[in-house]
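The residues making up each chain are set out below.
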Amino acid sequence: MRYFVNEFWTNAQRAGHALHEISYRACFKPQLPEFFIDRLTEPSDAVYDPFMGRGTTPIQAALMGRRVFGNDANPMSIMMTRPRLNTPELCDIESRLGEVPWDAGEPTLGDQNFGVFFHPATLCQIVALRSWLSEREEAGKFDYVDDWIRLVAMSRLTGHSPGFFSVYTLPPNQAASIESQSRINERRGQTPPKRDVKALILRKSRSLLRHVGLSYSQFDLYCCDSRNTPEIQTDSVDLVVTSPPFLD
DNA sequence: GCGGTGACATCTCCATATAG
DNA sequence: CTATATGGAGATGTCACCGC
């Protein structure tokens, strides 16, 4: 048995299951919920995070065979968590990506403001994917493969290496305004290069799924004020692991 | 005015994994 | 092995706004 004492924030403790590797404004290491889930629950017990954020606690609990309850007031949380609790096969992702009409994207004037981040051809591909996913949703065809593709696309939008859709910018857990990105481009003497959206989504998917995937049905995710979650029955949860909203 | 404050705004450096 | 990709509950600098 290995004990990590006050070592949950160091680089040495960062390695976890590949499914955790989604950037977010703030994210604790999976070893933290793992530490408590391991000691305080048994398989099939229910674990709940009322402020799940990118979903580290639900993902880790599911990996450990626990039942999962998750909640966050931010609707993006479900988009970032749900696809990783029920992962598609790589071949299904690839064939679905093949259905997207990548050349049909028509950026609006508003979209074109993001030209400081994206090459025009890349922007067209992003817009094509966005429209296609919206149409799938409206037609009631949106499934777990689409859910996965949306998550990976969101996680690839901007970053500071060629694995992202954007030109070099701040790290993916940070945000640069359009004005500040103009300054970054000028200082570095750079313009956004062409990027292959489909290829990058596939590459990140391969990385996220390089360990065993998750096919898990025992999860309930909500987008509520955590003070009022009537769907979660009294006494139905064995352990709460969370990190409440913080001020920095 | 003045010091303290802020789910701010902007940007750096380093450990680790992986490719070659 | 070396080179590159990638992720940072990070590390600082601004500046409107507050109570006094």
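The following paragraphs examine the structure supplied in this document. (Residues numbered from 1 in each chain as written. Chains lettered and ligands numbered in written order. Predicted model: local features only at pLDDT ≥ 70, side-chain atom pairs only at ≥ 80, totals over all residues. Heavy atoms only, no water.)

### Examining the sheet that holds strand β2 (residues 67-71)
This is how the line gets drawn: At least two bridges found by DSSP between two strands are what make those strands a pair. Helix numbering and strand numbering both begin at the N terminus, where a helix is a DSSP run of H or I of at least 4 residues and a strand a DSSP run of E of at least 2. We call two residues contacting when some pair of their heavy atoms lies within 4.5 Å. Here the axes come from fitting lines to C-alpha atoms, over the contacting stretch only for helices, and the angles between their N-to-C directions go from 0 to 180 degrees.
Spatial strand order, β3-β2-β1-β4: 4 strands in an open sheet with parallel pairing. Strands at the two margins of the open sheet, each flanked by one partner only, are β3 (219-222) and β4 (239-240). The pairing of strand β1 (residues 46-49) with β4 spans 2 bridges and is classified as parallel. If you follow V47 over to β4, its bridge partner there is L239. In the packing of helix α2 (residues 56-63) onto the sheet, contacts are made with β1 and β2, and the angle to β1 comes to roughly 165°.

### Details of helix α6 (residues 120-138)
Spelled out, the test is: How far a helix is expected to stretch is found by multiplying one less than its residue total by 1.5 Å. When a residue's accessible area, from a 1.4 Å probe over protein chains only, is under 20% of the maximum for its type it is buried; when over 50% it is exposed; and in between it is partly exposed.
Along its 19 residues, α6 runs 27 Å from first to last C-alpha, staying within 8% of the 27 Å computed at 1.5 Å per residue. T122, L123, Q125, I126, V127, A128, L129, W132, L133 and R136 are the residues of α6 that are buried. Looking at the packing, one finds that the buried side of α6 touches α4 (90-97), α5 (109-112), α7 (144-155) and α9 (197-208). Where α6 ends, the next residue or the one after it, G140, has phi of about 70°, a positive value.

### Some details on the nonpolar core
Where we set the bar: In this text, buried Ala, Val, Leu, Ile, Met, Phe, Trp, Tyr and Cys residues form a nonpolar core when linked through side-chain atoms within 4.5 Å. An automatic or database domain assignment is the source of the domain bounds shown.
Core analysis: the biggest nonpolar cluster contains 47 residues, and L129, F165 and I201 have the highest contact counts within it. For this core, the secondary structure elements donating two or more residues are α2, α3 (76-85), α4, α6, α7, α9 and β3. Counting the residues that make up this core, at least three belong to each of domain 1 (17-87 + 211-240) and domain 2 (90-208). With near-sequence residues (within four places) excluded, F165 lies in contact with F117, F118, T122, I126, A153, R156, L157, R195, V197, L200 and I201. Counting 5 residues, the second largest nonpolar core, distinct from the first, contains A46, Y48, F69 and Y222.

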